[in-house]
Amino acid sequence: MSSTTNSPQPPDTDQATPENPETPEPQPPASPASPAENTPAARAATPTERTDTPTERASAPADEKTPVDEGPPVGEGPHAASAGGVADAADVADASADTPAEARTPVAADAQPEAEVPAESAAAAADGATAPAPADENAPAQAGTPAASGAGSGGESEGAEPPALRGWRAKHPVAARNVRYTVTTLAAALVLFALLMPNEPDRFRPAVLTRLPVEAIFGAAVLIVLPRTLRLVTAVLAGLGLGALTILNLLDLGFNEFLGRGFNVVLDWVLFDDARTYLEDSMGRTGAIAVVIAVVALVLAVFALMVLSVVRLAGLLARNSARATRATLVAGTVWVACSALGVQFAGVQFAARSTAGAVQNRVDHVQATLKDEAEFAKEAKKDAFAETPPDQLLTDLRGKDVIIGFIESYGRSAIEDPVTAPGVDATLADKTEALTEAGYSARSGWLTSATYGGNSWLGHSTFLSGLWISNQARYRTVTAGEHLTLTGAFQRTGAWRTVGIMPGVQKNWPEGSFYGLDTVYDSRELGYQGPKFSWSTMPDQYALSAYERLEHGKKRDKPLMAEIILTSSHQPWAPIPKTIPWDEVGDGSVYEDIQKDGKKASDVFYDSTKVKEEYGRSIEYSVTSLVDYVVRYGGKDTVLVFLGDHQPLARVSGDDAGRDVPISIVARDKPVLDKIDDWGWTEGLKPDDTAPVWRMDSFRDRFLTAYGSTPRPQSQP
């Protein structure tokens, strides 16, 4: 232990009362210039309850050092003083700052106020004067004194004398006190924010964040009664729990903003890899790494700050246990009364239990997810067309070249939102007229997608499988099985060559076999030599041109069934390609200047008006590219089915937007559209409000039935 500390310690009885006292050496007389010996503080430093004689007290050498423990600074350790004692302790520390350690006298807890010290003595102490010390100034504090008792009990007794301030705290006691109050206030605010934080953007209101959480009351009650070690462990665990809750709430906010739902703690972890890929595609590798580092730092900071905040508040409760107990009882009474009476402020219940409710909701969600996985595995094995013979599938489409096209983020809001509707509706009207002039007709309706704002593959698989694929677990289950897909039905007949044009796929894609595709062309196999347009690897017009070059424009002995995914309308909707003459598309290098002249994603995505405008323009571009392709390269046997996979994120579609997407069927052969006359769809490419709205998973069976397929469910064993 250090011998330079001022902290009082229990007496060393072997040293204070030696068995064989020696004759003390005579002490020099006190200098008249040292009135500090007669101050109340000096008198108080001399124990009054000792049983040894003055001769025995004098036997201890004046320069002998009493070993003591080094105490923590005020406001940080278990001996921290209350606000009222900071200034006194600071004065004591200042007076002894320049005095040798062996000349410092422990101050007893019952010392008189320092204000009674003569002015000249205080000034001398402040200036570092070295007046002769009293003969017994190194005598240790007695066990019976309050100071000694406080040290022995861990310093948690309310009103215990704090150790002397040191360092900058001693020089600036007022600033130290202000810093301590500020840090404590911020710690309390952070804990309350974690307990009251909503997980939906539209619930962020002042009234929500100014409620009284029952979890804070219960936590305070527990921390007050726990012993020191157990209290520290509990505080750390509570801080970690609040940190985890805060991170999950932040994830909920992000998922609600982009996907229209909360974060699923069982299924959604795999989406972080997709998010990283999206960042790399949109911002480059360096930008993506910087974002990942920032996110990791934020997570660590949240956990660290929560733990430190709870530990600090736990120490404050322990040091002021009497007042904390009274405050906790009052708060608990207020909470019970407000809860029973249903007291509200600004339409929000004042007595809150949001944290307990959030934890319970997550537990329920986990249980429901696990239960749903098991139930869906059974559902996926049921199929109305599982054993339909090939010659009884899609008999009314034989000989037709069929395109099933998905337009990224093509949702109902594109047609109805006041910002995007004028441009998109004008494009739909113009392209309907172009189709009519080319001899085509169109019918349109609405489907309700299984996803929102992203996770396009869930929409694709729902549409093609006839099953409601609303999460990643369901997607894994269905793609690992043999459930018949709409594209797979074309393959089963043997009457079509089935291909996939997948510009958004940038790595191996084993799901191609599940979808019944003979050949899949991903972004690496389409021959594109131009620049990326943010996330989109290539313009839609180029992808359609590559399809014509690689498949449709070649001689073949079978008609084609092509699944084509168009990605130019993928967020962040900048820069957007421009339509160019088809014979100028080439290998895509022509798009270099178009990409450079386009808008920057950072200038568009975070502006609520611009992002809607550019989203509308991207839909106009995709629809134009697809319809122009059909008009230019289609024929009398061409059948086009195209739809949106999901609505855009809430920033574009709005907080109250549904999940509806438009779908259209285009054909030149009139009997093809006659087969769906009873569907009640709207003529043209724009469905109106009277058009029916179906769940997306119902389309497969409707389509197969309409075009001559005979249901034959799988026989039960």
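Above this text sits the structure in question.
For the structure given in this document, a descriptive report is provided here.

Criteria and cut-off values
Residues numbered from 1 in each chain as written. Predicted model: local features only at pLDDT ≥ 70, side-chain atom pairs only at ≥ 80, totals over all residues. Heavy atoms only, no water. Salt bridge = Lys/Arg side-chain N within 4 Å of Asp/Glu carboxyl O. Helix = DSSP H or I, 4+ residues; strand = E, 2+ residues; numbered from the N terminus. Buried < 20%, exposed > 50% of the residue type's maximum accessible area, 1.4 Å probe, protein only. Phe/Tyr/Trp six-rings, centres within 6.5 Å; stacked < 30°, edge-to-face > 60°. Lys NZ or Arg CZ within 6 Å of the ring centre and 35° of its normal. Expected span 1.5 Å × (residues − 1). Arc of directions from axis to C-beta. Axes fitted to C-alpha atoms, helices over the stretch in contact; angles between N-to-C directions. Parallel < 35°, antiparallel > 145°, perpendicular 65-115°, else oblique. Left-handed = near helix turned anticlockwise from the far one by under 90°. Contact = heavy atoms within 4.5 Å. Nonpolar A, V, L, I, M, F, W, Y, C, P; charged D, E, K, R; others polar.

1. Details of the pattern of salt bridges
Argument step 1. In total, this model carries 22 salt bridges according to the counting rule given.
Argument step 2. A salt bridge links Arg-362 to Asp-252, with the nearest nitrogen and oxygen atoms 2.3 Å apart. Placement of Arg-362 in helix α13 (residues 354-379) and of Asp-252 in helix α10 (residues 228-259) is noted, with a sequence separation of 110 residues between them. With respect to class, Arg-362 is no different from Asp-252; both count as buried.
Argument step 3. Of the charged contacts in the structure, one is a salt bridge between Arg-412 and Asp-660, with a shortest N-O distance of 3.0 Å.

2. Focus: unusual backbone geometry
Argument step 1. Following Gln-571, the chain continues to Pro-572 via a peptide bond in cis, the omega torsion being 15 degrees.
Argument step 2. Position of Pro-572 relative to the elements: it lies in the loop between β9 (560-566) and α21 (591-597).
Argument step 3. The omega angle of the peptide bond from Ala-574 to Pro-575 is -10 degrees, so this bond is cis rather than trans.
Argument step 4. Looking at where Pro-575 falls in the secondary structure, it is placed in the loop between β9 and α21.
Argument step 5. A positive phi angle is found at Asn-455, which is not glycine, with a value near 55 degrees.
Argument step 6. For Asn-455, the position within the fold is in the loop between β6 (441-448) and α16 (456-465).

3. Concerning the packing of aromatic side chains
The geometry of an aromatic ring pair is captured by the separation of the ring centres together with the interplanar angle, meaning the angle of the planes.
Argument step 1. Per the stated rule, a full pass over the model turns up 26 aromatic pairs.
Argument step 2. Taking 5.7 Å as the distance between ring centres and 15 degrees as the angle between the ring planes, the aromatic pair formed by Trp-509 and Tyr-515 counts as stacked.
Argument step 3. Residue Trp-509 is classed as partly exposed on the basis of its relative accessible area of 24%.
Argument step 4. Take Tyr-515: its relative accessible area is 2%, and that puts it in the buried class.
Argument step 5. When the ring of Phe-533 is compared with that of Tyr-591, the centres are 6.1 Å apart and the planes differ by 90 degrees; the resulting orientation is edge-to-face. Linking Phe-533 in the loop between β8 (519-522) and α20 (540-552) with Tyr-591 in helix α21, this pair joins segments that are 58 residues apart in sequence. Neither Phe-533 nor Tyr-591 differs from the other in exposure class; each is buried.
Argument step 6. A cation sits over an aromatic face here: Arg-412 above Trp-446, 3.9 Å from the ring centre.

4. A few points about helix α12 (residues 321-341)
Argument step 1. Between its first and last C-alpha, α12 extends 30 Å over 21 residues, near the 30 Å set by a 1.5 Å rise per residue.
Argument step 2. Looking only at α12, the buried set comprises Ala-324, Thr-328, Gly-332, Trp-335 and Cys-338. Buried residues of α12, viewed axially, fall in a sector of 135 degrees; they line one side. Exposed and oriented more than 90 degrees from the buried face of α12 are Leu-329, Val-330, Thr-333, Ala-340 and Leu-341.
Argument step 3. Immediately downstream of α12, the backbone of Gly-342 shows phi near 65 degrees, a positive value.

5. Remarks on the packing of α10 against α13
Argument step 1. One can describe the packing of α10 onto α13 by two numbers: an axis separation of 12 Å at closest approach and a directional angle of 70 degrees. Considering the angle they form, α10 stands roughly perpendicular to α13. The two elements α10 and α13 meet at a crossing, and its hand is left-handed. Along the contact surface, α10 presents Leu-245, Leu-248, Asn-249 and Asp-252, while α13 presents Thr-355, Ala-358 and Arg-362.
Argument step 2. Split into classes, the residues belonging to the contact of α10 with α13 amount to three nonpolar, two polar and two charged.

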